[in-house]
Amino acid sequence: MPTSTMDDVISKAEMIEIEPTTGVAIKGETRKEEKGLNATDHNGEKSAEEPKTETAEEEMRNTGKQPIDGDVPKEEEKKDEKGEFETEPKTGVSFPVKLDDGKQLNAVGIRKKSMLGIGIKIYGFGLYADNARLKEILESKFGKAPTKPTEEMYQLVIDSDAGMRVRLVIVFSNLTMSRVKKNFDEGLGASIKRLTGGKNDELAKKVMGEASDDIKLTSGSVVEISRLPGYILQTKVMGEVVSKVESELLCRAFINMYLGDDPFDKEAKDRFGMSLITLF
C-alpha cells in the first residue's frame with residue numbers, strides 16, 4: 001500500500017474509540033465501506049466491520065492486475081467474460097460463442113478415427129449457424145416448437161442454404177495435409193453416397209483439393225468450412241481460403257456429416273437439436 005494511503009488509514013484510525021475488552025470500534029468518522037480498506041487494530045486483528053473485498057482482490061491477483069482504489073471487477077462483467085468461450089470437454093479445445101459475422105455456437109463435439117481398434121482424437125469442432133435465418137426457416141415449417149428435436153428438423157437444416165460454419169481445431173499431433181484430405185474425402189464421399197445412392201469422388205475432392213500438401217497441421221491448427229447463402233461451400237485452412245465451390249449437393253453432404261443419421265458425434269448433434277428448439 002502506498003505510504004500516503006497508509007498514513008490516511010492510521011490518522012483516521014486514531015479518531016475511532018475502541019471498546020477495550022472486545023476491540024470493536026464503537027464510534028468514529030471513518031467510513032471503511034466506502035474506501036474498501038481493511039483497517040486493523042494494534043494487535044493486527046481485523047475489525048468486525050471490515051468490507052468484503054476478498055473476491056475482487058483474489059481476482060486481481062489471479063489476473064496479474066495490481067489492486068488500486070476503484071478497480072473492483074463487477075460480478076456481471078466476470079460472468080460475461082466466462083461466457084465468451086465454450087470448451088469441448090474431451091479435447092479441451094475452446095470455441096468462441098459468437099463469431100465476428102454474428103454466427104452463434106450451437107454445439108461442440110469431437111471427431112475420432114478408429115485405428116487398430118483404438119479411437120484416436122483427430123479434432124474438436126464447433127457448429128455455428130445464422131440462428132436468425134434458422135429461426136425463420138423452422139417457424140415457417142413447424143409454427144411452434146416440438147417437444148424434442150426431430151429428424152425432420154435436422155433435415156430441414158441440412159437442405160437449407162442458411163449460413164453455417166464448422167470450425168475444426170486439430171488435436172492430433174503431426175497431422176499431414178495429405179492425410180486430412182484423404183480422411184475428409186472419404187467422409188464426404190460416404191455422405192454424398194448416403195444422400196444420392198452413388199459415388200461422386202470428384203465433387204468430394206473439390207473441398208480440400210487445392211490445399212497444399214506442404215501445410216503442416218500441428219495441434220491447435222484451425223480449419224473452417226462454411227456453407228454460405230446460395231449453396232456455396234468455402235474452406236479455409238489456417239485463415240487462407242483454399243476452395244470455394246458452388247454446389248447444393250456438396251453443401252447438403254457436408255452438413256449431413258454432422259447432423260445426419262450417422263453423425264461424427266451423436267452428442268453434438270443432440271445439443272444442436274436442442275439449440276434449434278430454443279429458437280422458437
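Computed from a predicted structure; not experimentally measured. (Residues numbered from 1 in each chain as written. Predicted model: local features only at pLDDT ≥ 70, side-chain atom pairs only at ≥ 80, totals over all residues. Heavy atoms only, no water.)

**Student:** Teacher, can you tell me more about the confidence of the model for the protein here?
**Tutor:** Detail in the predicted coordinates should be disregarded across regions flagged by low pLDDT. For the protein, per-residue confidence averages 78 on the pLDDT scale, and 70% of positions sit at 70 or higher. Note on residues 1–18: pLDDT under 50 across the span, and 21 contacts to partners over four residues away in sequence or across chains. The model gives residues 20–82 a pLDDT under 50, and that stretch makes 56 contacts with residues more than four places away or in other chains. (pLDDT = per-residue confidence, 0-100. Contact = heavy atoms within 4.5 Å.)

**Student:** What's the story with the pattern of salt bridges in this structure? I'm lost.
**Tutor:** Any two side chains of opposite charge can pair if their charged atoms end up close together. All chains considered together, the criterion is met by 16 salt bridges. Note that Glu186 and Lys113 form a salt bridge whose closest N and O atoms lie 3.7 Å from each other. Here Glu186 is found in helix α7 (residues 177–196), whereas its partner Lys113 is found in strand β5 (residues 104–115), with 73 residues between them in sequence. A salt bridge links Lys135 to Glu139; the nearest nitrogen and oxygen atoms lie 2.9 Å apart. Of this pair, Lys135 and Glu139 both sit in helix α5 (residues 131–142), four residues apart, which is roughly one turn of that helix. Given a relative accessible area of 32%, Glu139 falls into the partly exposed group. (Salt bridge = Lys/Arg side-chain N within 4 Å of Asp/Glu carboxyl O. Helix = DSSP H or I, 4+ residues; strand = E, 2+ residues; numbered from the N terminus. Buried < 20%, exposed > 50% of the residue type's maximum accessible area, 1.4 Å probe, protein only.)

**Student:** So what exactly am I meant to see when it comes to α5 here?
**Tutor:** Spacing of three or four residues puts side chains on the same side of an α-helix, whose turn is 3.6 residues. Look at α5: 16 Å from first C-alpha to last across twelve residues, which is about the 16 Å you get at 1.5 Å a residue. Burial in α5 covers these residues: Asn131, Leu134, Ile137 and Leu138. Buried residues along α5 cover an arc of 120° about the axis, so they all sit on one side. Facing away from the buried side of α5, by more than 90 degrees, are the exposed residues Ala132 and Ser140. The elements touched by buried residues of α5 are β5, β6 (118–129), α6 (151–159) and α10 (266–277). Trailing α5 by a residue or two, Gly143 shows a phi angle of about 80°, which is positive. (Expected span 1.5 Å × (residues − 1). Arc of directions from axis to C-beta.)

**Student:** Please explain the pairing of strand β7 (residues 164–170) as it appears in this structure.
**Tutor:** Looking down a regular strand, the side chains alternate between one sheet face and the other. The element β7 is extensively covered by neighbouring structure, given that seven of its seven residues are classed as buried. Going residue by residue along β7, you find Met164, Val166, Leu168 and Ile170 tucked away on one face and Arg165, Arg167 and Val169 tucked away on the opposite face as well. Sheet topology note: the β6/β7 ladder contains seven bridges and is antiparallel. Residue Phe125 lies in a different strand from β7, and its bridge partner there is Leu168. (Pairing = 2+ DSSP bridges.)

**Student:** Would you explain the packing of α6 against helix α9 (residues 248–259) in this entry?
**Tutor:** Each pair of packed helices can be summarised by the angle the axes make with each other and by the distance between the axes. Interaxial distance between α6 and α9 falls to 8 Å at its minimum, and their mutual angle equals 150°. When the axes of α6 and α9 are compared, the pair comes out roughly antiparallel. Helix-helix and strand crossings are classified by hand; for α6 and α9 the assignment is right-handed. Here Tyr154, Gln155, Val157, Ile158 and Asp159 of α6 lie close against α9, whose contacting residues are Arg252, Ile255, Asn256 and Leu259. Residues that form the contact of α6 with α9 fall into these classes: five nonpolar, two polar and two charged. (Axes fitted to C-alpha atoms, helices over the stretch in contact; angles between N-to-C directions. Parallel < 35°, antiparallel > 145°, perpendicular 65-115°, else oblique. Left-handed = near helix turned anticlockwise from the far one by under 90°. Nonpolar A, V, L, I, M, F, W, Y, C, P; charged D, E, K, R; others polar.)

**Student:** Would you mind going over the environment of Leu233 with me for this structure?
**Tutor:** With respect to the helices and strands, Leu233 occurs in strand β11 (residues 232–237). Among the residues examined, Leu233 registers a relative accessible area of 1% and is labelled buried. Taking C-alpha positions, Leu233 is 7.6 Å from Val207, a pair spaced 26 residues apart along the chain. Ignoring sequence-local partners within four residues, the contact set of Leu233 consists of Val207, Ile225, Ser226, Arg227, Ser243, Lys244, Val245, Leu250, Cys251 and Phe254.

**Student:** Please explain empty space enclosed by the protein as it appears in this structure.
**Tutor:** Where empty space is left becomes clear once a probe the size of a water molecule has been rolled over the atoms. One pass over the structure, following the stated rule, counts one cavity of 30 Å³ or more. Taken as a whole, the largest cavity holds about 190 Å³ of empty space. Counting residues per element, the ones that place at least two in the lining of the largest cavity are β5, β6, β7, α7 and α9. No other element matches the five residues that α7 contributes to the lining of the largest cavity. For the lining of the largest cavity, a count of residues per class yields twelve nonpolar, two polar and three charged. (1 Å grid on protein atoms, 1.4 Å probe; cavity = no way out; pocket = protein on both sides within 12 Å on 5 of 7 lines; lining within 4 Å. Points joined across faces, edges and corners; volume = space filled by probe spheres on them.)

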